[in-house]
Amino acid sequence: MYVVKSPLADADLKTVAEALQGALLDLVDLSLVAKQIHWNVVGPRFRSIHLQLDEVVASARIHSDTVAERASALGVPPDGRATRVASGSGIKTTPAGWIKDTDAVRTMVDALGAVIIRMRERVESTGEPDPVSQDIFISITADLEKHHWMFQAENA
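Residues numbered from 1 in each chain as written. Predicted model: local features only at pLDDT ≥ 70, side-chain atom pairs only at ≥ 80, totals over all residues. Heavy atoms only, no water.

**Q** Report on the nonpolar core, specifying residues and quantitative values.
**A** Ranked by size, the top nonpolar core spans 44 residues in total, and within it Leu30, Ile37, Val67, Met108, Met119, Leu144 and Phe151 carry the most contacts. Taken together, the elements giving at least two residues each to this core come down to α1 (10–40), α2 (46–73), α4 (101–126) and α5 (131–154). The biggest single contributor to this core is α1, with 14 residues. Excluding residues within four positions of it along the chain, isoleucine 37 makes contact with Leu53, Thr94, Ile99, Ala104, Thr107 and Met108. (Core = buried A, V, L, I, M, F, W, Y, C linked by side-chain atoms within 4.5 Å. Buried < 20%, exposed > 50% of the residue type's maximum accessible area, 1.4 Å probe, protein only. Helix = DSSP H or I, 4+ residues; strand = E, 2+ residues; numbered from the N terminus. Contact = heavy atoms within 4.5 Å.)

**Q** Provide a residue-level description of the UniProt feature "domain: Ferritin/DPS" (unreviewed entry) in the protein chain, including the pertinent values.
**A** With numbering matched to this structure, UniProt assigns "domain: Ferritin/DPS" (unreviewed entry) to residues 18–153. Between the C-alpha atoms that bound residues 18–153 there is a distance of 33 Å. The span itself is 79% helix and 3% strand. (UniProt positions renumbered as here; feature names shortened; annotations may be inferred.)

**Q** Which residues make up the packing of α1 against α4, and what are the values?
**A** One can describe the packing of α1 onto α4 by two numbers: an axis separation of 10 Å at closest approach and a directional angle of 170°. Between α1 and α4, the interaxial angle falls into the category roughly antiparallel. Between α1 and α4, the residues in contact are Thr15, Val16, Ala19, Gly22, Ala23, Asp26, Leu27, Leu30, Val33, Ala34 and Ile37 and Ala104, Thr107, Met108, Ala111, Leu112, Val115, Arg118, Met119, Arg122, Ser125 and Thr126, respectively. By residue class, the composition of the contact of α1 with α4 is 14 nonpolar, five polar and three charged. (Axes fitted to C-alpha atoms, helices over the stretch in contact; angles between N-to-C directions. Parallel < 35°, antiparallel > 145°, perpendicular 65-115°, else oblique. Nonpolar A, V, L, I, M, F, W, Y, C, P; charged D, E, K, R; others polar.)

**Q** Explain α5 residue by residue, including any values.
**A** The end-to-end C-alpha distance of α5 is 35 Å, a good match for the 34 Å that 24 residues give at a rise of 1.5 Å each. Taken residue by residue, α5 has Ser133, Ile136, Phe137, Ile140, Thr141, Leu144, His147, His148 and Phe151 as its buried positions. (Expected span 1.5 Å × (residues − 1).)

**Q** Describe the environment of serine 64, listing the residues and the values that go with them.
**A** Looking at the element boundaries, serine 64 is found in helix α2. Exposure remark for serine 64: the relative accessible area of 11% places this residue in the buried category. Taking the C-alpha atoms as reference points, serine 64 and leucine 24, 40 residues apart in sequence, are found 5.3 Å from one another. Those residues within four positions of serine 64 in sequence are excluded, and the remaining contacts are Leu24, Leu27 and Val28. Within the structure, the side chain of serine 64 is placed 2.9 Å from the backbone oxygen of arginine 61, a separation counted as a polar contact. (Polar contact = N/O pair within 3.5 Å; in protein donor to acceptor, adjacent residues only side chain to side chain.)

And the structure:
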């Protein structure tokens, strides 16, 4: 059932829809991973990392909404259900329980790195079929790379 009809050709829409859905799953999971670590981080740098994690959560939530609304604008219903996130995210499982500040930073560097790699692939795949979606992916990637840099600097 089409509620909203996309101006994109069917083949282009398929490529863009897959990129948007994949980005949504990664971003929702990134917000959950960052919040899980936020609640469980311990160590001498607790406060600064705790606050930095909330910045990642806020960014990921804003970006996930942007991506989901772009999908909707193209007539593609976004799916951010927990089962889809769990099965489709590119982020490794986060350890349960308390997490030492240095391990928390390393986990975030890895999670952000995984999402950035996939976002850069989406930048490439959407350039020709939909520069508008590509622009969204470029903006998201730039923001995630800033967070990635800041977390890498934490353990340098």
